[in-house]
Amino acid sequence: MWLECDDGSPLIAKSQHTPERRLNAGVLRCSHSRHTPRMQEDLIPQPAATASALPARFYTTPEMAGIDRRVIFDRAWQLVAHVSQLPSAGDYVVANLAGLPVIAVRGMDDEVRVMHNVCRHRAGPIAQCDGRGAKALRCRYHGWTYTLEGQLRSAPEMQDAKDFHVGNIHLPQLRVRIWQGLIFATVNEKWAPDFDAFVAGIDERLGADRGLQHYDSHHRASYDIACNWKVYVDNYLEGYHVPHVHPGLNRLLDYRSYRTELSGWHSLQWSPLESDESLYGNGDALYYWLWPNTMLNILPGRMQTNTVIPLGVDHCRVLFDSYYAQAHDQDKRTADLDFSDKVQHEDLGICEDVKRGLASGSYVAGRLNPLRESGVHHFHELLREAYRQN
């Protein structure tokens, strides 16, 4: 199958290796491509054994913020919430999908919908924070009121507006999939990965008795970081830095046994875990990354999701949402949150240091470690593929 330029000429062909996703560099671009020759070279697929990281400009050029929104986030499945946050009709959660404000609502029919959190009147917010038990959704700006299903119900003092009919106005909805209790939505389902392919293999690895949909006791921590969102994802996707940046975490993990497993749209880093019973006890530490900005950190009795939200080219916000098995006790929960906060501040510092290095003009893309940075290489190949389609 060929992708084409606007004039119909072929642009890139799908690879024979994995026809559902991978793109072959054999016919990279037609003469109408907007890419410079240097960028064309940077976007050619690279084998893991000889791969280099992406050049600094993909992290620092102001235009990248808009490009990333258009060709990555709007074409991806993004995490919105966990079902434990919406237990009853009228419960809602607000979220930011890389610049698009959305609201997830459990309707009177028990269905969870994700809609634009943007009033159709003059773009005011329907909700500014999470809430419970709403009977309707009322815009915070001028009081336009919508049903829980997103249909406009009333608009104050609009009786003199000619040809204005509330029945013609509704909040745009996104396609939603709920998996392992996690609510995902996509802005553009046509371009998003097939959802079953997106999570393929994870259920089997977690096992039938894990029951993440039953976890509860939600806690959120939010961190604003002065770096491009891709810097944070790069850092998450390798354990190479753990002995040097995270001494406490390094004592819990078996670095020699630390492994990375790659799939089409996600990767898994895992290691045997040995900790005191007052924290996690023994078991496996599973660190899943799902394209492009979702992480699942699964330890005994606890699931933590990380969502990386770009805030321009040089800032991002990372949401840490923690959920616990029903039998998880309060002391362990407190110890987990404290330990997580310490590790996150260690990551925050190194990510901001890397951001300064990328912006310095000194950095030339370096070689990746095939053993320890295979997850970074996998991410960068997905980025190259997305940028080739720009």
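See above for the structure.
Description of the sheet that holds strand β9 (residues 145-146)
Strand pairing in a sheet takes place through backbone hydrogen bonds and is either antiparallel or parallel in direction.
Consideration 1: The antiparallel open sheet is built from three strands, whose spatial order is β8-β9-β10. Edge positions in the sheet fall to β8 (137-138) and β10 (152-154), since each of these pairs with one other strand and no more.
Consideration 2: In terms of strand pairing, β9 meets β10 through two bridges, oriented antiparallel. Note that in β10 the partner of T145 across the bridge is S154.

Things to note about the nonpolar core
Consideration 1: If you look at the biggest cluster of nonpolar residues, it comprises 77 residues, and the most contacted ones within it are Y232 and W291.
Consideration 2: If you look at the next biggest cluster of nonpolar residues, it comprises 18 residues, including M115, A134, C139 and L152.

Description of the packing of aromatic side chains
Consideration 1: All chains considered together, the criterion is met by 15 aromatic pairs.
Consideration 2: Look at Y223 and F320: their rings are 5.3 Å apart centre to centre, the planes differ by 75°, and that puts the pair in the edge-to-face class. Of this pair, Y223 sits in strand β13 (residues 216-225) while F320 sits in strand β19 (residues 316-324), and the two are 97 residues apart along the sequence. Comparing Y223 with F320, the two get one shared label, buried.
Consideration 3: Over the ring of W191 we find R75, and its NZ or CZ is 4.0 Å from the ring centre.
Consideration 4: In this structure, R372 is placed above the aromatic ring of Y255, and the distance from its NZ or CZ to the ring centre is 4.0 Å.

Observations regarding the environment of L337
Consideration 1: Along the chain, the position of L337 falls in helix α9 (residues 330-359).
Consideration 2: For L337 and L279, which are 58 residues apart along the polypeptide, the C-alpha to C-alpha distance reads 10.0 Å.
Consideration 3: Contacts of L337, omitting those with residues within four sequence positions, involve H219, S322 and Y324.

Details of the sheet that holds β13
Consideration 1: Taken together, seven strands build an open sheet; the order of strands is β13-β19-β18-β17-β16-β15-β14 and the sheet is antiparallel. Two strands close off the open sheet at either side, each with one partner strand: β13 and β14 (259-262). Taken pair by pair, the neighbouring strands of this sheet meet at an average axis angle of 15°, ignoring direction.
Consideration 2: In this sheet, strand β16 (residues 282-290) lies alongside strand β15 (residues 266-274) in antiparallel orientation, the contact comprising nine bridges. Bridged to P272 within β16 is D284.
Consideration 3: Relative to strand β18 (residues 302-310), helix α6 (residues 229-236) is tilted by about 150°, and along the sheet it contacts β13, β15, β16, β17 (294-299), β18 and β19.
Consideration 4: Contacts from α9 reach β13, β18 and β19, with the element oriented near 20° to β13.

Definitions and cut-offs
Residues numbered from 1 in each chain as written. Predicted model: local features only at pLDDT ≥ 70, side-chain atom pairs only at ≥ 80, totals over all residues. Heavy atoms only, no water. Pairing = 2+ DSSP bridges. Helix = DSSP H or I, 4+ residues; strand = E, 2+ residues; numbered from the N terminus. Core = buried A, V, L, I, M, F, W, Y, C linked by side-chain atoms within 4.5 Å. Buried < 20%, exposed > 50% of the residue type's maximum accessible area, 1.4 Å probe, protein only. Phe/Tyr/Trp six-rings, centres within 6.5 Å; stacked < 30°, edge-to-face > 60°. Lys NZ or Arg CZ within 6 Å of the ring centre and 35° of its normal. Contact = heavy atoms within 4.5 Å. Axes fitted to C-alpha atoms, helices over the stretch in contact; angles between N-to-C directions.

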